[in-house]
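# Structural overview for review
Below are the chains, spelled out letter by letter.
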Amino acid sequence: MKITVVGAGAVGATCADNIARRELAEELVILDIKEGFAEGKALDIMQTASLCGFDTRVKGVTNDYAATAGSDVVVITSGIPRKPGMTREELIGTNARIVETVCKSALEYSPNAIIVVISNPMDTMTYLALKATGLPKNRVIGMGGILDSARFKCYLQKELDCSANDLHATVIGGHGDTTMIPLTRLATLNGTPVSNMLSADTLKQVAADTMVGGATLTKLLGTSAWYAPGAAGAELVESIVRNQKKVFPCCVSLEGEYGQNDICLGVPVVIGSNGWESIIDYKLNEEEMAAFNKSAEAVRNMNQVLDTLVA
Ligand SMILES: NC(=O)C1=CN([C@@H]2O[C@H](COP(=O)(O)OP(=O)(O)OC[C@H]3O[C@@H](n4cnc5c(N)ncnc54)[C@H](O)[C@@H]3O)[C@@H](O)[C@H]2O)C=CC1
Ligand SMILES: O=C([O-])CC(=O)C(=O)O
């Protein structure tokens, strides 16, 4: 197995570190445009091999796509992060060009790769990756919902004083401050609905905190988060390379599912060696469906901006 991570910044390097520690590939290439940067990150990660007990070979390269040839999975984290006060959507002008170029260059050398898109605004960047490459839809997956769900579980865990590992909680819809939908009705602690244990007001607050989870960290850090985003990226890659068939909320191309067409948006999907393999119908109620439609409208408006940016 060979994996490439494009972008050796905060998220890319953390994702690569998690991939190496989980030994998801024999070979892991990190690529960045900044001279020597990916080489440095790769060397640093390789120097943890004897400490963390992994045998993955990690190599860093500066814009050398030939070194990524034959990758099974390519994770795209290249692009600028937001600063406090910004939305993810404001990154579109810079990141659309980067994501399009990176997708095409990577596929030239790894025509069979599954593409995982992390760069923001992620839903629109996933749509762009799909359109720019013409890949079969199952091979283009946007990562946002796994992270948002992990944050949802983190806020629930604090309220319930339980193990985060006993929680099932999912965030669907867009990966934006106002577009994500924490499904509080379906969240459970070992099978018991959390709505039996927490008040409606508390659940509302947990959902609100989840939605601005990324913005909260950006305010604290001065740039956006990387530990949970990197680990969430690796979690997705693991289900692909180990063909685990885990169900994760991921941004995928919808063709009538959840009532939407010609859009990439977060829904629960089965992830395996073919990429995303099927979409699970959660049977949303009226209120959840209305939120999903609203989220789709916002993401669709963003996708239209692409036409003015990408040739
Ligand atoms: N989908 C999600 O859940 C999340 C998405 N993000 C997004 O991930 C992206 C990366 O964030 P950070 O790692 O914090 O940023 P960063 O600034 O630390 O790293 C970005 C890296 O991309 C590189 N880069 C830029 N253009 C490139 C190109 N054409 N080819 C190769 N490398 C290139 C830069 O040199 C830099 O090293 C941002 O767009 C951020 O908003 C961040 C967290 C979560
Ligand atoms: O908040 C951001 O801009 C980065 C991101 O997508 C996240 O951490 O959820």
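Each value, and the rule that gives it
Residues numbered from 1 in each chain as written. Chains lettered and ligands numbered in written order. Predicted model: local features only at pLDDT ≥ 70, side-chain atom pairs only at ≥ 80, totals over all residues. Heavy atoms only, no water. UniProt positions renumbered as here; feature names shortened; annotations may be inferred. Helix = DSSP H or I, 4+ residues; strand = E, 2+ residues; numbered from the N terminus. Expected span 1.5 Å × (residues − 1). Buried < 20%, exposed > 50% of the residue type's maximum accessible area, 1.4 Å probe, protein only. pLDDT = per-residue confidence, 0-100. Pairing = 2+ DSSP bridges. Axes fitted to C-alpha atoms, helices over the stretch in contact; angles between N-to-C directions. Parallel < 35°, antiparallel > 145°, perpendicular 65-115°, else oblique. Left-handed = near helix turned anticlockwise from the far one by under 90°. Contact = heavy atoms within 4.5 Å. Nonpolar A, V, L, I, M, F, W, Y, C, P; charged D, E, K, R; others polar. Core = buried A, V, L, I, M, F, W, Y, C linked by side-chain atoms within 4.5 Å. 1 Å grid on protein atoms, 1.4 Å probe; cavity = no way out; pocket = protein on both sides within 12 Å on 5 of 7 lines; lining within 4 Å. Points joined across faces, edges and corners; volume = space filled by probe spheres on them.

The chain carries the name Malate dehydrogenase in an unreviewed UniProt entry, which gives Nemorincola caseinilytica as its organism. Taken directly from UniProt, the Function (unreviewed entry) text for the chain runs: "Catalyzes the reversible oxidation of malate to oxaloacetate." Under the UniProt heading Catalytic activity (unreviewed entry), the entry covering the chain gives this text: "(S)-malate + NAD(+) = oxaloacetate + NADH + H(+)".

Attention now goes to helix α9 (residues 227-241). When the terminal C-alpha atoms of α9 are compared, their 21 Å separation across 15 residues agrees well with the 21 Å that a helix rising 1.5 Å per residue should span. Most of α9 is tucked away: 11 of the 15 residues are buried. Those residues of α9 not exposed but buried are Pro229, Gly230, Ala232, Gly233, Ala234, Leu236, Val237, Glu238, Ser239, Ile240 and Val241. Within two residues after α9, Asn243 carries a phi angle of roughly 50°, on the positive side.

Looking now at the confidence of the model for the chain. In low-pLDDT regions, the fine details of the predicted coordinates are not to be read closely. This prediction gives the chain a mean pLDDT of 97; 99% of its residues lie at or above 70. Within the chain, no element has a lower average pLDDT than helix α10 (residues 286-309), which sits at 96, and none a higher one than strand β1 (residues 2-6), at 99. Of the two predicted TM-score estimates for the complex, the pTM is 0.98 and the ipTM is 0.99.

Another aspect to go through is the sheet that holds strand β7 (residues 167-168). What the 3 strands build is an open sheet, ordered β7-β10-β11; its pairing is antiparallel. Strands at the two margins of the open sheet, each flanked by one partner only, are β7 and β11 (192-193). Two strands pair when backbone bridges link them, and strand β10 (residues 188-189) and β11 are joined in this way by 2 bridges, in the antiparallel orientation. Counted as the bridge partner of Leu189 is Thr192 from β11.

Before going further, it helps to spend a moment on the UniProt feature "domain: Lactate/malate dehydrogenase C-terminal" (unreviewed entry) in the chain. This chain's UniProt record puts "domain: Lactate/malate dehydrogenase C-terminal" (unreviewed entry) on residues 147-301. Taken as a whole, residues 147-301 contains 43% helix and 25% strand, while its terminal C-alpha atoms sit 23 Å from one another.

Moving on: helix α6 (residues 145-160). Across its 16 residues, α6 extends 22 Å between first and last C-alpha, which sits within 8% of the 22 Å expected from 1.5 Å per residue. For α6, every residue scored as buried is listed here: Gly145, Ile146, Leu147, Asp148, Ser149, Arg151, Phe152, Leu156 and Leu160. At the exit of α6 stands Asp161, carrying a positive phi of roughly 50°.

Moving on, we get to the packing of α6 against α9. Two numbers describe how α6 lies on α9: the axes approach to 8 Å, and their chain directions differ by 120°. Comparing the axis directions of α6 and α9 gives the class oblique. When the axes of α6 and α9 are compared, the crossing they make is right-handed. Touching Ile146, Leu147 and Arg151 of α6 are Ala228, Pro229, Ala232, Glu235 and Leu236, all from α9. Across the contact of α6 with α9, the residue classes break down as 6 nonpolar, no polar and 2 charged.

Once that is clear, we can look at the nonpolar core. Counting 52 residues, the largest nonpolar core has Ile3, Ile19, Cys250, Ile271 and Phe292 as the members making the most contacts within it. Per element, the largest residue contribution to this core is 6 residues, and it comes from α9. Excluding its chain neighbours within four sequence positions, the residues that come into contact with Ile271 are Ile141, Leu236, Ser239, Ile240, Gln244, Lys245, Lys246, Phe248, Cys250 and Trp276. Counting residues in each nonpolar core, the second largest holds 30 residues, with Leu31, Tyr65, Val117 and Met302 among its members.

Further remarks concern empty space enclosed by the protein. Counted under the stated rule, the structure contains 1 cavity of 30 Å³ or more. In this structure, the largest cavity spans a volume of roughly 60 Å³. Lining the largest cavity are 14 residues, and of these Gly144, Gly145, Gly173, Gly174 and Gly266 sit closest to its centre. For the lining of the largest cavity, the secondary-structure elements that each account for two or more residues are α5 (122-133), α6, β8 (171-173) and β12 (246-255).

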